[in-house]
Amino acid sequence: MTATIIDGKAFAADVRAQVATHVGRLKQENGITPGLAVVLVGEDPASQVYVRSKGKQTVEVGMNSFEHKLPADTSAEDLYALIDQLNNDPAVHGILCQFPVPDHLSESDIVARIDPAKDVDGLHILNIGRLASGQDAMAPCTPLGCLMLLRDQLGSLSGKSAVVVGRSNLVGKPMAQLLLRDSCTVTIAHSRTKDLGAVCREADILVAAVGRPQMIPGDWVKPGATVIDVGINRIQHPENPEKTKLVGDVDFAGCAEVAGAITPVPGGVGPMTIACLLANTLTACCRANGLAEPEGLTA
Ligand code: NDP
């Protein structure tokens with residue numbers, strides 16, 4: 001079997017186009033422009049690239065982008081004062097603080113300070129609880145992106161056996177909750193799971209969110225399964241030791257021979273994360289204004 005390659009780049013472009021259409025309608029019919037505020041503390045080069053990319057894509061879909069760049073020695077009080085100001089600003093519908101932050105700041109305290117209705121990263125404890133209890137929540141962007149790809153590929157997920165490898169608060173746990181909401185039978189595997197290969201082989205849907213390059217070989221995949229590779233790992237290039245290469249958590253070539261469909265790295269899950277951030281900002285804006293949520297762009 002040779003798997004269908006799931007084109008996350010094209011799908012993310014489609015999600016952004018749908019968001020742009022909704023934004024255009026909101027502006028025209030309701031006079032509302034959704035706004036996303038991104039806060040960056042310090043000068044971490046990778047974070048600067050992410051923030052720039054988020055700002056560019058926000059503007060491209062017609063939303064307002066508010067960037068707040070603070071020095072690395074910003075105190076918690078000053079950061080919280082900015083977050084409070086953004087919480088109270090009606091032009092801001094989504095707030096995101098780019099992580100990691102410098103060591104003297106607490107990521108969990110920062111997330112707790114953000115108004116849950118504007119928590120477009122879906123990391124606030126209230127959104128985690130709402131997701132787990134089946135209420136309207138902001139779903140974290142990367143797992144939401146995986147869910148959209150799976151629904152597009154498979155249609156209904158009901159009754160499917162899903163295995164999520166990884167139990168982080170950012171990816172693994174919310175991914176499992178989203179699959180459960182879509183009526184999958186879900187197993188969460190982690191570093192203490194016994195005979196991980198046997199567990200993975202049971203999966204109609206296999207999501208790898210581990211952070212270990214190519215650790216899932218082809219013979220862990222059930223024939224015809226859909227494999228979603230969340231991992232982003234930089235390794236030495238096999239043909240040129242002076243270069244590096246991005247790979248996922250699954251052995252792509254080996255798994256593609258067995259799976260029914262598979263996401264590549266890069267170009268699979270990665271592009272979906274920012275697209276879902278924009279979708280969440282649109283959802284937050286609609287909810288804040290008592291308007292219908294955009295269909296197909298929420299969990
Ligand atoms: P974490 O390090 O927070 O979590 C990794 C998880 O993998 C843990 O639950 C850990 O188990 C589990 N694990 C580690 N080793 C093994 C093993 N040998 N067997 C089974 N399970 C194992 O990572 P994240 O969830 O934040 O990220 C996972 C990957 O996804 C990374 O490569 C990251 O770069 C990528 N990522 C990609 C995004 C995107 O936009 N595409 C966004 C976010 C992350 P335990 O809990 O027992 O330690």
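Even after reading the chapter, I still don't get the domain arrangement of the protein, so can you show me in this structure?
Where the parts come together, the accessible area they lose is often given as the size of the interface. According to the domain assignment, the protein contains domain 1 (30-117) and domain 2 (141-270). Between the C-alpha centres of domain 1 and domain 2 the distance comes to 29 Å.

Looking at this structure, how should I read the site of the ligand?
Near the ligand, the surroundings consist of 22 residues, among which Arg 167, Ser 168, Ser 191, Arg 212 and Thr 273 are the closest. Take Ile 232: an N or O atom from its main chain is 3.1 Å from an oxygen atom of the ligand. Contact distances for the ligand include 2.8 Å between an oxygen atom and a side-chain N or O atom of Thr 273.

It is not clear to me how the pairing of strand β7 (residues 205-208) should be interpreted in this structure. Could you clarify?
In the case of a regular strand, side chains alternate between the two sheet surfaces. By the alternation rule, side chains of β7 split into Ile 205 and Val 207 and Leu 206 and Ala 208, which are all buried. Where strand β5 (residues 161-165) lies against β7, four bridges are found, and the strand directions are parallel. Residue pairing across strands places Val 164 opposite Val 207, the latter belonging to β7. The sheet contact formed by β7 and strand β8 (residues 226-229) spans four bridges and is parallel. Within the sheet, the bridge partner assigned to Ile 205 lies in β8 and is Thr 226.

Is there a simple way to explain the environment of Leu 178 in this structure?
Residue position: Leu 178 is located in helix α7 (residues 172-181). Given the relative accessible area of 1%, Leu 178 is considered buried. Along the chain, Leu 178 and Asp 195 lie 17 residues apart, while their C-alpha atoms are 25 Å from each other. In this view, Leu 178 contacts Leu 131, Ala 139, Pro 143, Leu 144, Leu 147 and Ala 299; residues no more than four positions away in its chain are not counted.

Explanation requested: the pattern of salt bridges in the structure shown.
Any two side chains of opposite charge can pair if their charged atoms end up close together. Enumeration according to the criterion identifies six salt bridges in this entry. A salt bridge links Asp 84 to Arg 113, with the shortest nitrogen-to-oxygen separation between them at 2.7 Å. A residue pair is termed long-range when its members are at least 10 positions apart, and Asp 84 in helix α3 (residues 76-87) and Arg 113 in helix α4 (residues 107-113) qualify at 29 residues. The class of Asp 84 is partly exposed, set by a relative accessible area of 28%. As a salt-bridge pair, Arg 151 and Asp 182 come within 2.8 Å of each other at their nearest N and O atoms. Linking Arg 151 in helix α6 (residues 141-154) with Asp 182 in the loop between α7 and β6 (185-189), this pair joins segments that are 31 residues apart in sequence. Given the relative accessible area of 26%, Arg 151 is considered partly exposed.

Is there a simple way to think about the environment of Gln 236 in this case?
Looking at the element boundaries, Gln 236 is found in strand β9 (residues 233-236). Classification of Gln 236 as exposed rests on a relative accessible area of 53%. Along the backbone, Gln 236 and Leu 246 are ten residues apart, and their C-alpha atoms lie at a distance of 8.8 Å. Sequence-distant contacts of Gln 236, defined by excluding residues within four places in its chain, comprise Pro 241, Lys 243 and Thr 244.

What is the right way to look at the nonpolar core in this model?
Burial of nonpolar side chains together is a common tendency in soluble globular proteins. Ranked by size, the top nonpolar core spans 54 residues in total, and within it Val 19 and Leu 179 carry the most contacts. For this core, the secondary structure elements donating two or more residues are α1 (8-30), β2 (35-41), α6, β5, α7, β7 and α10 (270-288). Per-element tally for this core: the top contributor is α10, with ten residues. Structurally, this core is a two-domain feature, drawing no fewer than three residues from each of domain 1 (30-117) and domain 2 (141-270). Beyond its immediate sequence surroundings of up to four residues, Val 19 is in contact with Val 61, Met 63, Leu 278, Ala 279, Leu 282 and Leu 297. Membership of the second largest hydrophobic core comes to 19 residues, among which are Val 165, Ala 225, Val 227 and Ile 262.

Looking at this model, I keep getting lost on α6. Mind explaining?
Since the α-helix turns once every 3.6 residues, residues separated by three or four places project in the same direction. Its 14 residues give α6 an end-to-end C-alpha distance of 20 Å, which sits within 8% of 20 Å, the value for a rise of 1.5 Å per residue. Buried within α6 are the following residues: Cys 141, Thr 142, Pro 143, Leu 144, Gly 145, Cys 146, Leu 147, Met 148, Leu 149 and Leu 150. Those residues of α6 that are buried lie in contact with α1, α7, β7, β8 and α10. In the segment just after α6, Gly 155 is the residue with positive phi, at about 70 degrees.

Which parts of the structure should I look at to understand the sheet that holds strand β11 (residues 261-262)?
Remark on secondary structure: sheet strands pair via backbone hydrogen bonds, oriented parallel or antiparallel. Within the open sheet, the six strands sit side by side as β1-β11-β8-β7-β5-β6. Their pairing is parallel. Of all strands in the sheet, those bounded by a partner on one side alone are β1 (4-5) and β6. Its contacts with the sheet put α6 on β1, β7, β8 and β11, and the angle it makes with β8 is roughly 160 degrees. Strands in contact with α7 are β5, β6 and β7; relative to β5, the strand with the most contacts, it is inclined by about 170 degrees.

Which parts of the structure should I look at to understand the sheet that holds strand β3 (residues 64-70)?
The parallel open sheet is built from three strands, whose spatial order is β3-β2-β4. Because the sheet does not close on itself, it has two edges, and the strands there are β3 and β4 (94-97). Between one strand axis and the next, the sheet turns through 15 degrees on average, direction left out of account. As defined by bridge partners, β2 adjoins β4 across four bridges and the pair is classed as parallel. In the strand pairing of β4, Ala 37 is matched with Ile 95. This element, helix α2 (residues 45-60), spans β2, β3 and β4 of the sheet and lies at about 160 degrees to β3.

Thresholds applied
Residues numbered from 1 in each chain as written. Predicted model: local features only at pLDDT ≥ 70, side-chain atom pairs only at ≥ 80, totals over all residues. Heavy atoms only, no water. Domains from an automatic or database assignment. Near = heavy atom within 4 Å. Polar contact = N/O pair within 3.5 Å; in protein donor to acceptor, adjacent residues only side chain to side chain. Buried < 20%, exposed > 50% of the residue type's maximum accessible area, 1.4 Å probe, protein only. Helix = DSSP H or I, 4+ residues; strand = E, 2+ residues; numbered from the N terminus. Pairing = 2+ DSSP bridges. Contact = heavy atoms within 4.5 Å. Salt bridge = Lys/Arg side-chain N within 4 Å of Asp/Glu carboxyl O. Core = buried A, V, L, I, M, F, W, Y, C linked by side-chain atoms within 4.5 Å. Expected span 1.5 Å × (residues − 1). Axes fitted to C-alpha atoms, helices over the stretch in contact; angles between N-to-C directions.

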